[in-house]
Amino acid sequence: MLPRDLKASQFAAYPPEARKLAVEHIALLQELPLSFLPLLLREIIEYDWKFPPERREVENQFAYLEGHPAVARRQLLAGFEKLRLAPALEAFDWVNEPVQFSEQLSSHLWATLQIDAFRQAAIDYVHTVNSAVPETALPMPRLGIAVIGQGVAENRYHLFRKLRPHGTYFSQVKPEDGLHMLLDAVSARAEAHPAAYGHWYIDGGSEEPVRNQGVVHFSYDSLAPARGALQEKMQKIYQSGIGPEAFRTMLAGMRPAELGLGNLADGVLRRFQVSVLTEGSGTQVFATTFVQWAAREAYRRAQPVTMLLRFAPRQRARPMNELLNETEHKPELDPRGSLIDADMGAYYSWINQQRLAGADQASFLVWFEGHNEACAVGPGWARGTESSSAVDLGQIIKQIA
């Protein structure tokens, strides 16, 4: 089937909002080249579970494509139109399985030496559409916070070496009630500027209570039943020896109900948690990796203005069959190694924050939990400086928030 043959009834299996969106724009979809349309459909079919910025991105594509004459659209999509596709791709059910179609398309393009042409067409398309979209004003400057080193009594590792050149290092932070000060700051920002999925708290252990219900929050421990169910499935596939591609396909097709998350009221968050566990490498078994990957995906997809990350000790590395058997073998924790992981994870989280709009006004704070070391990066702090003044985290937050 070709795009011109599309009918509204063929979207019957799509979730409600995705189906409505596709049907409303079916005239446009019928005009798009087959090498491009399923790539758009894979975004549409997940529309019901996308965060607001992701939905706007899909809507902006429709607005741009429908806002230009057919001649201009064909010129924009000419690179896709020129690609030669195999008959098997035309026969594929690309309406209901756009993700699988994309995988087969990729293999075909590599095999026929067309992947470079496809990549250039995609880059040109994304650049053109994104350039036409005005930047949305933020309700407040972004603030990222990372808490690292939980459970470490003494440390000789040189912390924040990647972040110090970009901000101020504090050596005399008062640690008393520090975590609650940070949680209160997150709640205060959520109260001042309520926004759907705009304020997050992700914990690598057991999460602390959050005062404001507008803060998205979950933890590694809260997802223990889901991780256990996934580990069991992964172990069976791992032991079957069917290969990495089939392994990845199994994970990509996982649904919330299969991991015991079917009763969570927030379907968008539920799907996000499943994607963190199934798409991230090591998120199922390492707490530090879980926090870092969840933060990366939240920044990329939800683009929050507030993010609090609390890293907790991860288990020591062991053979894969033991890592995937957490329910039967209590993991041995590695606080010192986790501190090093979390220090780098905080740096990567700052980089991810810097990729978003408003980076020049954004601030980032990382604190060695229970200790007197911290580093603050942002317009309120001089780069590459140190402060030995006694200060608590509340005072730092007030200056950078």
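Everything below is about the structure printed above this text.
A brief report on the enclosed structure follows. Predicted model only: the values in this text are computed from it and were never measured.

Before going further, it helps to spend a moment on the overall build of the chain. In terms of regular secondary structure, the chain is built from 17 helices and ten strands. Here the C-alpha radius of gyration of the chain, 23 Å, is about what a compact globule of 401 residues would show, namely 21 Å. Along the three orthogonal principal directions, the C-alpha set of the chain runs to about 70 × 50 × 40 Å. The buried share of the chain, taken over its 401 residues, is 49%. With an accessible surface of roughly 19,200 Å², the chain has 51% of that area assigned to carbon and sulfur atoms.

Looking now at helix H13 (residues 267-279). Side chains that are three or four residues apart share a direction in an α-helix, a result of its 3.6 residues per turn. Here H13 spans 18 Å end to end across 13 residues, near enough to the 18 Å set by a 1.5 Å rise per residue. Counting buried residues along H13, twelve of its 13 residues qualify, which places the element largely inside the surrounding structure. Three or more residues of H13 are buried, namely Gly267, Val268, Leu269, Arg270, Arg271, Phe272, Gln273, Val274, Ser275, Val276, Leu277 and Thr278. Residues of H13 that are buried make contact with strand E4 (199-203), strand E5 (216-219), helix H11 (224-240), helix H12 (244-252) and helix H14 (287-301). Taking the backbone nitrogen of Val268 as reference, a side-chain oxygen 3.1 Å away marks Asp266 as the first, capping residue of H13.

The next subject is the nonpolar core. Ile148, Trp200, Phe218, Phe290 and Val366 are the most contacted members of the largest nonpolar core, which totals 51 residues. With seven residues, H14 is the single largest residue contributor to this core. Contacts of Phe290, omitting those with residues within four sequence positions, involve Ile202, Asp203, Phe218, Ser219, Tyr220, Leu223, Val276, Leu277 and Thr283. One finds Leu37, Leu76, Ile115 and Phe118 within the second-largest nonpolar core, a separate group that totals 38 residues.

As enumerated under the stated definition, the model contains 18 salt bridges in all. Residue Arg211 pairs with Glu191 through a salt bridge whose shortest N-O separation is 2.7 Å. Pair noted here: Arg211 is in the loop between E4 and E5 and Glu191 is in helix H10 (residues 178-192), with a separation of 20 residues, a long-range link. For Arg211, a relative accessible area of 46% translates into the label partly exposed. Classification of Glu191 by relative accessible area gives partly exposed; the value is 42%. The shortest N-O distance in the salt bridge between Asp341 and Arg314 comes to 2.4 Å. Note that Asp341 is positioned in helix H16 (residues 335-354) and Arg314 in the loop between strand E6 (306-310) and helix H15 (320-323), a separation of 27 residues in sequence. When its relative accessible area of 14% is taken as the criterion, Arg314 is described as buried. Salt bridges linked by common partners bring Arg314, Arg316, Glu332, Asp334 and Asp341 together as one network.

The subject of this paragraph is the packing of helix H3 (residues 37-44) against helix H8 (residues 98-111). Interhelical geometry of H3 versus H8 gives an angle of 145° and a closest axis separation of 8 Å. Helix-helix and strand crossings are classified by hand; for H3 and H8 the assignment is left-handed. Contacts from Pro38, Leu39, Leu41 and Arg42 in H3 reach Pro98, Val99, Phe101, Ser102 and Leu105 in H8.

Let us look at the layout of surface pockets. If you add up the space inside the second largest pocket, you get close to 220 Å³. Each residue belonging to the lining of the second largest pocket can be placed in one class, and the counts come to eight nonpolar, five polar and four charged.

Another point: the packing of H8 against helix H9 (residues 115-131). For the pair H8 and H9, interaxial distance at closest approach is 7 Å and the crossing angle is 125°. The angle between H8 and H9 falls in the class oblique. Contacts between H8 and H9 involve Leu105, Leu109 and Trp110 on the former and, on the latter, Ile115, Phe118 and Arg119.

This part is about empty space enclosed by the protein. Evaluation of the coordinates by the stated rule reveals one cavity of 30 Å³ or more. Gly149, Gln150, Phe311, Ala312, Pro313, Pro335, Ser338, Leu339 and Ala342 together form the lining of the largest cavity. Its residues placed into classes, the lining of the largest cavity shows six nonpolar, three polar and no charged.

For Glu369, the position within the fold is in the loop between strand E7 (363-368) and strand E8 (374-377). A polar contact of 2.8 Å, which involves the side chain of Glu369, links it to the side chain of Arg310. With sequence-adjacent residues up to four places away left out, Glu369 is seen in contact with Val147, Ile148, Gly149, Gln150, Leu179 and Arg310.

Calculation rules
- Residues numbered from 1 in each chain as written.
- Predicted model: local features only at pLDDT ≥ 70, side-chain atom pairs only at ≥ 80, totals over all residues.
- Heavy atoms only, no water.
- Helix = DSSP H or I, 4+ residues; strand = E, 2+ residues; numbered from the N terminus.
- Rg over C-alpha atoms; globule rule 2.2 N^0.38 Å.
- Buried < 20%, exposed > 50% of the residue type's maximum accessible area, 1.4 Å probe, protein only.
- Areas by Shrake-Rupley, 256 points an atom, 1.4 Å probe, with all protein chains shown as cover.
- Expected span 1.5 Å × (residues − 1).
- Contact = heavy atoms within 4.5 Å.
- Polar contact = N/O pair within 3.5 Å; in protein donor to acceptor, adjacent residues only side chain to side chain.
- Core = buried A, V, L, I, M, F, W, Y, C linked by side-chain atoms within 4.5 Å.
- Salt bridge = Lys/Arg side-chain N within 4 Å of Asp/Glu carboxyl O.
- Axes fitted to C-alpha atoms, helices over the stretch in contact; angles between N-to-C directions.
- Left-handed = near helix turned anticlockwise from the far one by under 90°.
- 1 Å grid on protein atoms, 1.4 Å probe; cavity = no way out; pocket = protein on both sides within 12 Å on 5 of 7 lines; lining within 4 Å.
- Points joined across faces, edges and corners; volume = space filled by probe spheres on them.
- Nonpolar A, V, L, I, M, F, W, Y, C, P; charged D, E, K, R; others polar.
- Parallel < 35°, antiparallel > 145°, perpendicular 65-115°, else oblique.

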